[in-house]
Amino acid sequence: MSSRIKIVAFAFLISPLLHSALRAYEPPAAPAPRPFHYATDTFAFANETVWNYVGGAVQSESSRSPARKRDYTRHCFVVTRAAMQFWKFARFDPEAKPLPPEQLAARIREVAGRSVWLPDLPRDRRVVFPGYASLREISAAAAGLFQANIGLGWPIYFRAGNMPIVIPMDRATEARLNDEMLHDLQLNYPTIVWLYNFPSLNINHVVVVFAGRKDHDRVRYQVYDPNYSRAPKQLDYDAATRTFSYQPTFYFKGGPVTARAVYRGVLQ
């Protein structure tokens, strides 16, 4: 039996279980204390790509100008997850004295070690970060410390939630995800969304959907793309075709994408 046939057979056998897990969505019971804000709840540094992309296509390194080394790569899952963890489990006290590096690192690990799908903590139980007003401010001052402590990139390749990539996404599931994201945004909750195209993998990325508005038969979502650190990007949903599309970026030419919510539970 060829490897391709084995993969298809395995996907067919596990698809009922995976679809069941993917549909295990529990809407928030109450509104979050505040919405996710791009200007304060995102990192000041960006995840970097392994390859040199220009206009959505891989180019030779000689085409990069100016040439520079990329040290923080393959962390899009980690960065988006950590942004959500800090939004849920941390608070900032700009009036207090900043922590020394070793104590700051310990508090970063405390936040990053809490499962992102758990309910957000009340203010008096959140991990406190003194000396700074927001995640963006503190990560600008201590980028290396955050990169070293929010999580490793390689374990992401072994997530149980990666398995559904081999299962084609039906339009009804995409429509349901759109409804869920709109519902959650009304209650101030963002959604971490995996964007990919399989088997081409011309995009294989994760973003945080934090705002959205209806525009006739489309929904325009604003997202935190961890490959950028200066401004949000746009993900669209077309109600007529029940499909998502992502705007052109330096690593993606733009167009239709498969969208799946991730980090909602152990299997996601």
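Residues numbered from 1 in each chain as written. Predicted model: local features only at pLDDT ≥ 70, side-chain atom pairs only at ≥ 80, totals over all residues. Heavy atoms only, no water.

Draft legend 1. View of the overall build of the chain. The secondary structure content of the chain amounts to seven helices and ten strands. Counting every position in the chain, which comprises 268 residues, the buried fraction comes to 49%. A total of about 13800 Å² of accessible surface is found on the chain, and carbon and sulfur atoms cover 57% of it. (Helix = DSSP H or I, 4+ residues; strand = E, 2+ residues; numbered from the N terminus. Buried < 20%, exposed > 50% of the residue type's maximum accessible area, 1.4 Å probe, protein only. Areas by Shrake-Rupley, 256 points an atom, 1.4 Å probe, with all protein chains shown as cover.)

Draft legend 2. Fine view of the packing of aromatic side chains. Under the criterion given, the structure shown has 18 aromatic pairs. Seen from their ring centres, Phe36 and Phe210 are 5.9 Å apart, and the 35° between their planes marks the pair as tilted. Of the two residues, Phe36 sits in the loop between helix H1 (3–22) and helix H2 (38–41) while Phe210 sits in strand E6 (residues 204–215), which places them 174 residues apart along the sequence. Each of the two residues, Phe36 as well as Phe210, counts as buried. (Phe/Tyr/Trp six-rings, centres within 6.5 Å; stacked < 30°, edge-to-face > 60°.)

Draft legend 3. Focus on the pattern of salt bridges. One pass over the full model with this rule turns up seven salt bridges. Salt-bridge contacts for Glu174 lead to Arg171; the nearest nitrogen and oxygen are separated by 3.9 Å. Taken as a pair, Glu174 and Arg171 lie in helix H7 (residues 171–186) at a separation of three residues, close to a single helical turn. The residue Asp236 makes a salt bridge to Arg218 at a minimum N-O spacing of 3.8 Å. Separated by 18 residues along the polypeptide, Asp236 in strand E8 (residues 233–238) and Arg218 in strand E7 (residues 218–224) bring together distant segments of the chain. (Salt bridge = Lys/Arg side-chain N within 4 Å of Asp/Glu carboxyl O.)

Draft legend 4. Representation of the nonpolar core in the model. Counting residues in each nonpolar core, the largest one holds 45 residues, and the members touching the most others are Phe43, Phe86, Phe129, Phe146, Ile150 and Tyr224. Going through the elements one at a time, helix H3 (76–89), strand E3 (90–93), helix H4 (101–112), strand E4 (127–130), helix H5 (135–141), strand E5 (191–196) and E6 are the ones with two or more residues in this core. Here Phe129 is in contact with Phe86, Ala90, Arg91, Phe92, Asp93, Leu104, Arg107, Ile108, Val111 and Ile138, once residues within four sequence places are set aside. Counting residues in hydrophobic clusters, the runner-up holds 22 residues, among them Leu195, Ile203, Val209 and Ala261. (Core = buried A, V, L, I, M, F, W, Y, C linked by side-chain atoms within 4.5 Å. Contact = heavy atoms within 4.5 Å.)

Draft legend 5. Molecular detail of the pairing of E3. Side chains Ala90 and Phe92 project from E3 onto a buried face, and the interleaved Arg91 and Asp93 project onto a face without burial. Sheet topology places E3 next to E4; four bridges connect them, and they run parallel. Looking at E4, one finds that Ala90 is bridged to Val127. Viewed along the sheet, the connection from E3 through H4 into E4 turns out left-handed. (Pairing = 2+ DSSP bridges. Right-handed = clockwise from strand over helix to strand, strands pointing away.)

Draft legend 6. Representation of the environment of Asp215. Here Asp215 shows up in strand E6. Taking the relative accessible area as the measure of exposure, Asp215 reaches 23% and is therefore partly exposed. As a C-alpha pair, Asp215 and Asp238 span 23 residues in sequence and 9.8 Å in three-dimensional space. Engagement of the side chain of Asp215 in a polar contact is seen with the side chain of Arg220, the distance being 3.4 Å. (Polar contact = N/O pair within 3.5 Å; in protein donor to acceptor, adjacent residues only side chain to side chain.)

Draft legend 7. Quick peek at unusual backbone geometry. That bond from Phe198 to Pro199 is cis: its omega, 10°, falls within 30 degrees of zero. With respect to the helices and strands, Pro199 occurs in the loop between E5 and E6. Positioned with a positive phi, His216 is a non-glycine residue whose angle comes to about 60°. Judged by its relative accessible area of 79%, His216 falls in the exposed class. Within the chain, Arg242 stands out as a residue other than glycine whose phi angle is a positive 55°. Note on placement: Arg242 falls in the loop between E8 and strand E9 (243–246). Judged by its relative accessible area of 37%, Arg242 falls in the partly exposed class.

Draft legend 8. Local environment of H7. For H7, which comprises 16 residues, the first-to-last C-alpha distance of 23 Å matches the rise-based estimate of 22 Å (1.5 Å per residue) to within 8%. Considered for burial, the residues of H7 that qualify are Thr173, Glu174, Ala175, Leu177, Asn178, Glu180, Met181, Leu182, Asp184 and Leu185. In this structure, the buried side of H7 is in contact with E5, E6, E7, E8, E9 and strand E10 (255–261). Two to three positions downstream of the cap, the backbone nitrogen of Ala172 sits 3.1 Å from a side-chain oxygen, assigning the N-cap of H7 to Asp170. (Expected span 1.5 Å × (residues − 1).)

Draft legend 9. Examining the pairing of E5 more closely. Extensive coverage of E5 is indicated by the burial of six of its six residues. Neither face of E5 is open: one carries Thr191, Val193 and Leu195, the other Ile192, Trp194 and Tyr196, and all of them are buried. Examined bridge by bridge, E5 and E10 share four bridges and lie antiparallel to one another. Across the sheet, residue Tyr196 finds its bridge partner in E10, namely Thr258.

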